[in-house]
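Read off the chains here:
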Amino acid sequence: MDPNIMPAAEGGAGLGPRRLQAVLLDQDGTIIVDARYLADQDGVRLLPGALEGLRRLQELVLALVILSNPSGIGRGMFTRSQHQLVHDRLEALLRAGGVTLAGSFYCPHAPEDRCDCRKPAVGLAREAAATLGIDLTRTVVVGDKQADVNLGRALGVPTVLVAGPMTEPRTSSNRADCVAPNRGEPHGFIGVRADGGA
């Protein structure tokens, strides 16, 4: 995909001729297997094709930024230190495959805390933009849940849905601009059509 062009579905967001600057990525269910409240670094497993997809994005000189909602911290299911070990393991796996993250930002709160950083709130995205010097209007949001799609809508940027076991059923009201290929195929961060095809 030409990084100068990000197509939009009918009524959806699109960058037109503006060049993409960064990809705002969910973590669990998008880059790694969603193990639900992952607290053990030994449980970190990259999804099939994720490394290839991230390398292709990196080759387009796009900043790769993780925005994640590990609510297990706020729920008391694991500590910030345990979460950091999980993240360190993920970064090690990505580096071994030639991928470097520009940054990683996470919300430690439980949903009932009603914070301004838990996706789909835009707090994490704004923190990333301020820290990394990113123009949020030149980003695309990639994730497997409705919160990711809604984050993209709140930012007014395109969204890519990575459909998986935790993905809510798609309806006319929650459609992302693009849909990545199913599991088992080369990971679909790039080359997806605005009509939802691969």
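Because the structure is a prediction, the values reported are computed rather than measured. (Residues numbered from 1 in each chain as written. Predicted model: local features only at pLDDT ≥ 70, side-chain atom pairs only at ≥ 80, totals over all residues. Heavy atoms only, no water.)

Some details on the confidence of the model for the protein chain
Looking at the protein chain as a whole, the pLDDT averages 79, with 74% of positions reaching at least 70. Of all helices and strands in the protein chain, the one with the weakest mean pLDDT is strand β6 (residues 178-179) (80), whereas helix α3 (residues 123-132) scores best (97). A low-confidence stretch, residues 1-12 (pLDDT under 50), is modelled with 31 contacts involving residues beyond four sequence positions or located in other chains. With pLDDT under 50 throughout, residues 182-186 is counted as low confidence; its partners more than four residues away or in other chains account for 10 contacts. (pLDDT = per-residue confidence, 0-100. Helix = DSSP H or I, 4+ residues; strand = E, 2+ residues; numbered from the N terminus. Contact = heavy atoms within 4.5 Å.)

Description of the pairing of strand β4 (residues 139-143)
With respect to burial, β4 is a largely interior element, 5 of its 5 residues being buried. Residues Thr 139, Val 141 and Gly 143 point to one face of β4 and Val 140 and Val 142 to the other, with burial holding for every one of them. Sheet topology note: the strand β1 (residues 22-25)/β4 ladder contains 4 bridges and is parallel. The residue of β4 that forms the bridge with Val 23 is Val 140. Assessed by its sense of winding, the connection that carries the chain from β4 through helix α4 (residues 146-155) to strand β5 (residues 159-161) is right-handed. (Buried < 20%, exposed > 50% of the residue type's maximum accessible area, 1.4 Å probe, protein only. Pairing = 2+ DSSP bridges. Right-handed = clockwise from strand over helix to strand, strands pointing away.)

Points about the side chain of Lys 119
Along the chain, Lys 119 turns up in the loop between β3 (103-106) and α3. Overall, Lys 119 belongs to the buried group, its relative accessible area being 6%. Discounting chain neighbours no more than four positions away, the residues touching Lys 119 are Asp 26, Leu 67, Ser 68, Asn 69, Ala 147, Asp 148 and Leu 151.

Remarks on the pairing of strand β2 (residues 63-68)
Working note: regular strand, side chains alternate between the two faces of the sheet. The buried fraction of β2 amounts to 5 of the 6 residues, a majority that puts the element mostly inside the structure. Note: β1 against β2, 4 bridges, orientation parallel. Counterpart to Val 23 in the pairing with β2 is Leu 64. Bridge analysis of β2 against β3 gives 4 bridges, and the strand direction is parallel. The residue of β3 that forms the bridge with Ile 66 is Ser 104.

Focus on the nonpolar core
Val 23, Leu 25, Ile 31, Leu 54, Leu 64, Leu 90 and Leu 94 are the most contacted members of the largest nonpolar core, which has 25 residues in total. Counting only elements with at least two residues in this core, the list comes to β1, α1 (50-59), β2, α2 (80-96) and β4. Grouped together as the second largest cluster of nonpolar side chains are 18 residues, Cys 107, Val 122, Leu 124 and Ala 125 included. (Core = buried A, V, L, I, M, F, W, Y, C linked by side-chain atoms within 4.5 Å.)

A few points about unusual backbone geometry
In terms of backbone geometry, most residues other than glycine have negative phi values and most peptide bonds are trans. The omega torsion of the bond from Lys 119 to Pro 120 falls at 20°, within 30 degrees of zero and hence cis. Mapped onto the elements, Pro 120 comes out in the loop between β3 and α3. Unusually for a residue other than glycine, Val 61 sits at a positive phi of about 60°. Take Val 61: it is sitting in the loop between α1 and β2. Judged by its relative accessible area of 65%, Val 61 is exposed.

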